[in-house]
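# Coordinate inspection notes
What follows is the residue order along each chain.
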Amino acid sequence: MAHTMSRRQLILRATALGCSAAASPLLTPVTMARAATDHRLVVIILRGGMDGLATIQPYGDPGFAGLRPEHGPAFGDHDLDGFFALNNNLGNLMPLWQAGELAFAHAVSTPYRDRRSHFDGQDLLEAGLGNDHAGRRHNDGWLNRFLQTLPGAARETALAVGRRHMLILKGQAPAMSWAPEARLALSPAAEALLAHIYHDDDLFREAFDQAQHLSAEIFGDQIGDEEDMMQAMADAMASTVRNERHNLTAFLGEQLQGDTRIVSFSLGGWDTHRNQTGGLRRALQQFSGTLLGLRRALGAVWRQTTVVAMTEFGRTARLNGSRGTDHGTGGAMIFAGGALRGGRVLGQWPGLGEGDLYADRDLAATGDVRAYAAWLLAGLYGTDRAVLEGEIFPGLDLGTNPNLT
Amino acid sequence: MPDIATLSAIRFGTGLTPDGVGPVGAEALLASLCGTDQLMARFPEETFHVRAAKARDFQLARRARRNGGEEAEAAFREVRRAMQTDMVRQLGKTIARGVADPGGMRERLVWFWADHFTTAGTRGPMRGSITAYIEEAIRPHVTGRFGNMLEVAVLHPVMLLYLDQDHSVGPNSRFGLRQGRGLNENLAREVLELHTLGTGYTQHDVTEFAELLTGLSTTREGEFAFRAARAEPGPETVLGKSYGTWRPARLDSIQKALRDLALRPETARHLSLKLARHFLTDTPPEEVLVKMETAYLESGGDLLQTYGAMLAHPASWQPDLLKAKSPLLFVTSALKALGVPPEAVAVADPRDLRRYVFRPMIVMGQHWQGAPGPDGFPDSLEGWIRPQTLAARIGWAMLAPDQLGLDLPDPRVFVRHALADAASPEVIWAAARAETRTEGIGLVLASSEFQRR
C-alpha cells in the first residue's frame, strides 16, 4: 500500500516558504516504501517484574504448593500440560492455548543479576546487552538494531506506542513513536510556519514531521475546515484518557494492517510487593484483555502476527511478609499469535527444592530471554545467527532453536 | 543567543516575565533562595493532618455507598467532587507559585526534589495528600542539608504508604513471630537505589536495611507511628556499619543510618549527577560533577553549597539549550510569559484547570502526581520531546491561551517577552506572519526556543 500525499501536505508544500521547508529531505516522503515482509511482531514490555511462578504455575513441582498456596488447578487455575497451570485471570486465553496460538518460556531472565533494580533491569532488557552493561546509559535498543538489518525497512515499519519513551526502539534506524490519544490538527498556515521554526532543530523537526505524518494518516480525512481542526484538537486535549485499552488495541490494529510491521509498548502494574493476588489479578486481566483486543483488531492479519511479552525480572520464590513478592531473578515470557507454533511451555525447569533457588531466594534462570527473542527474529525474518549473536544481541549464545514459528 | 539574564530565568527559574526582572547570575540566584519562602504564605496549602482526615472522609463515604441508598450515593458524589476539586486546585496553586515568583528557582528545586522523592497514587490517606507531603517534607529542606530532607521524606506517612513500608514486619519481631509476617523490601531498596547511593550496595545491604526499617508504620488515621513490636531485633549491618541493638528497637537507629547514607560519597555523586542532568545537560562534564560532589561532601551535604558549585561552573552558562522544559514548567512559563496574574491561576475554575491543564499535561507525558514508578518522570531531552508528546505541547500552545480566555498580546511583542534574546530569526519571522493572534501566540509557545531551556 503506497501512501499518497494528503491534501494538507500538498498545501504545506505549496505555501510560500522560500528556502527552508522545501529543502528538508524529511518533508518529502511522497511515497513510502513498504517493508519487504508480511510478518508482524509485537513486543510488549511488562514493567515492574511479572511473577512468573503465579502466572505460569509449576504445580507439578513438589515445592510449588508451599511457595504459592492457593494456586494450581485445585484452586481454579487452568492445567496446561500436567505440570504447569495458567493463572485463572488469564483463563480467557485458554482457547488460544488450545489452538496452538499461545506459548510460554519459563525460568528465563535477562543477564541482569543481583542488583534487582527495576530501572536498570528494564534498560538492560530493552538494550539487549549483558550484565556488564547494567547501570550504564544505553544508546540504542535491540529492536532498533534488528531494524537496521531488516531489508526494505522504512520509517513506517516500526512504531513505539504510548506516552512512555521506549529504549527498545531507540537507535540509528528510523522508527516512529505515537500515542493513541495524541492528535495534531493545525491550520495549513500554522503548520508551515511551525515547520519553518523547527527547521534547524533536528529533534523538534523530526518529531514534528512524524506527528504530522501519523496524525494525517490517522485523522486526515475526517477533518474539514480550520474550525473543525481546532475543535478536533481541543477535544483531544480536553478528553480524559478513557478506554485506554480499547484505544490502544484499535490503534495497533490499524497500524499493523497498514505499513507498520513491528510495534512495541509497555504494560505496567507487575510490581506486586504486597497482597499480590489482587495486584496480579489486575495486571493479568489487563494483559489478557489487551491481547484479545489486539487479536480482534487485527482480523485476518492475526495469522501473520507474533506477540512476545517480556519482563525485567521474576520475583522472589517465597512470598514476603506482606503476602507479596520482592524483586527476583528467573521469570517467564509469554508468546502469542496466529503465526506461532504454540501450545507449549518451553525452557529447562530448574526446580524449587532445597538448593535449587538462585541465591536461596529467586527462581533460577536456565534460559536467556534474548535467545527466545533472537530465535523469533530468525524464524520470522530470516535474520542470520551471526548477526543475532554479534550485532543485535552482542555476546549472546543462541543455543538450540525452540522453533517458535 | 540567550544571555545570562535569559538563562537565569529559563534554565534555573520558571521563565521570563513581560515586565519584571528576576535574579540574574549565580550570586543573585543563590540569594533568591536565602530569603524567607514568601510564596508558601501567599498560596497556602492544607497540612497533611487536614488532608489525611479528608482522605478518611472519602473512604468512609465510599464504604457507606456500598450499603446502597440514594442518600449515601449522593453524599459520596459530593465528597468525591470536593476531593477532585481540591486536587486540581493544588495543581493550580503549584503553577501559581511558579508564575508569581520573578525568578522561580525555589519552585524548580521543589519540583526536582519532589520527583527525586516521588510518591504517587491514592491509597488510603494518600488521596489528595501528596501536595501536603511535598509541602512538609520537601519544600522546607530544598535549601538545607540533604540529610534532613531524606529523613523527613523517608519517614513521612505518604512515603511509607507509597513504598509499602507499613506492610513490612521484622520476621523475628514479636508481631512477626505471632502473625507469621515478614519483610517487604520495597522502601529499603528504593532508598538505596533512588534516594541515596544509586550504586555500590548489594542485596545483603538491601535485606539488612529492610530489617532496620521495620517498625516504621502509620496509624489508621494516616499519622506516623513507630511500632517497636514489629521491628526486627538488631543489630543490622548496612554498608559495613552496624545499627540498632537487640532490644529495644529505636527510631534513632534508623535516623542514624539515613544520616550516614546522606553523607556517603556515592550519594554525593548520585545527587550531583542528577542535579546537573536536570539543570544543565543529559551528559554533564565530569568537571562540574567533581566540583559539586566536593562541595556537597565538604559541607556535610549542604544543598545550597552544591547548587552554588554548579552555578559557579561555566557549564551552567553556556548558551546552547540542551534540555526540554517539563510539561509543568512549559505550562507555568507560558502563563508567566503571558502575564497571567498568579492569583487568577490559583482560583481558576476547576473544570478549566482539569480540561486545559491537568489532562493536557497527561498527554504531554506528565501525569501530575501520577508518575509511573518511584523513579519519577524521565527527565532527558528525548524523554520529553517525542512526536506524540510534542503534538500535545503544540495543541496546548495553539488552544489553551485562547480557551482559558486570556488577554492575548500582539505576537510580535510577545515573541520578545517570552523568548528575549533566545528568539531565533525564524520564530520572529513566523510570529509576524501568523494568520491570527491565537496562532501567533501558539507558534511562539510551541517554538523549540520556548520548549527548550
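Residues numbered from 1 in each chain as written. Chains lettered and ligands numbered in written order. Predicted model: local features only at pLDDT ≥ 70, side-chain atom pairs only at ≥ 80, totals over all residues. Heavy atoms only, no water.

## Observations regarding the interface of chain B and chain A
The interface is formed by 61 residues belonging to chain B together with 58 residues belonging to chain A. When the two sides are added together, the surface that chain B and chain A hide from each other amounts to roughly 5100 Å², 61% of it contributed by carbon and sulfur. When residues of chain B are sorted by the area they lose upon contact with chain A, Pro-387, Gln-388 and Leu-399 of chain B head the list and together hold 12% of the total. Summed over the shared surface of chain B and chain A, the number is 4 salt bridges. With a closest N to O distance of 2.7 Å, Glu-185 of chain B and Arg-361 of chain A form a salt bridge. At the junction of chain B and chain A, the tally comes to 25 residue pairs in polar contact (both at pLDDT 80 or more). At the level of secondary structure, the elements contributing two or more residues to the side of chain B that touches chain A comprise helix H11 (186-195), helix H12 (203-213), helix H19 (350-363), helix H20 (381-384), helix H21 (387-403), helix H23 (425-433), helix H24 (437-446) and helix H25 (448-451) of chain B. It is H21 of chain B that contributes the most residues to the side of chain B that touches chain A, 12 residues altogether. (Contact = heavy atoms within 4.5 Å. Buried area = accessible area lost by both parts, 1.4 Å probe. Salt bridge = Lys/Arg side-chain N within 4 Å of Asp/Glu carboxyl O. Polar contact = N/O pair within 3.5 Å; in protein donor to acceptor, adjacent residues only side chain to side chain. Helix = DSSP H or I, 4+ residues; strand = E, 2+ residues; numbered from the N terminus.)

## As for helix H9 (residues 202-219) of chain A
Helix length check: H9 of chain A, at 18 residues, gives a terminal C-alpha distance of 25 Å against a target of 26 Å (1.5 Å per residue), a fit within 8%. A large share of H9 of chain A lies buried, amounting to 14 of its 18 residues. (Expected span 1.5 Å × (residues − 1). Buried < 20%, exposed > 50% of the residue type's maximum accessible area, 1.4 Å probe, protein only.)

## Description of the pairing of strand E1 (residues 40-46) of chain A
Residues and elements named next belong to chain A. Taken across its 7 residues, E1 has 7 buried, putting it largely inside the fold. Neither face of E1 is open: one carries Arg-40, Val-42, Ile-44 and Leu-46, the other Leu-41, Val-43 and Ile-45, and all of them are buried. As judged from the 6 bridges shared by E1 and strand E8 (residues 262-267), these two strands associate in the parallel manner. Bridge pairing in E8 places Leu-46 opposite Leu-267. (Pairing = 2+ DSSP bridges.)

## Thoughts on a nonpolar patch on the surface
All names here are of chain B. On the surface, a nonpolar cluster with roughly 270 Å² of combined accessible area is contributed by Ile-4, Val-21 and Val-24. Within the fold, Val-21 resides in the loop between helix H1 (4-10) and helix H2 (25-34). For Val-21, a relative accessible area of 70% translates into the label exposed. (Patch = residues over 30% accessible without salt bridge, like charges linked within 9 Å, V, L, I, M, F, W, Y side chains within 5 Å. Areas by Shrake-Rupley, 256 points an atom, 1.4 Å probe, with all protein chains shown as cover.)

## Observations concerning the sheet that holds strand E3 (residues 78-79) of chain A
Residue and element names in this part refer to chain A. Spatially, the 3 strands line up as an open sheet ordered E2-E4-E3, and their pairing is antiparallel. The open sheet has two edge strands, strand E2 (56-57) and E3, and neither has a second partner. Bridge analysis of E2 against strand E4 (residues 85-86) gives 2 bridges, and the strand direction is antiparallel. When the sheet's bridge partners are listed, Gln-57 is paired in E4 with Ala-85.

## Digging into helix H16 (residues 303-311) of chain B
All names here are of chain B. Taken across its 9 residues, H16 has 8 buried, putting it largely inside the fold. Where H16 is concerned, the buried positions are Leu-303, Leu-304, Thr-306, Tyr-307, Gly-308, Ala-309, Met-310 and Leu-311. In the core, the buried residues of H16 are packed alongside H2, helix H6 (105-116), helix H8 (146-154), helix H14 (265-279) and helix H15 (286-298).

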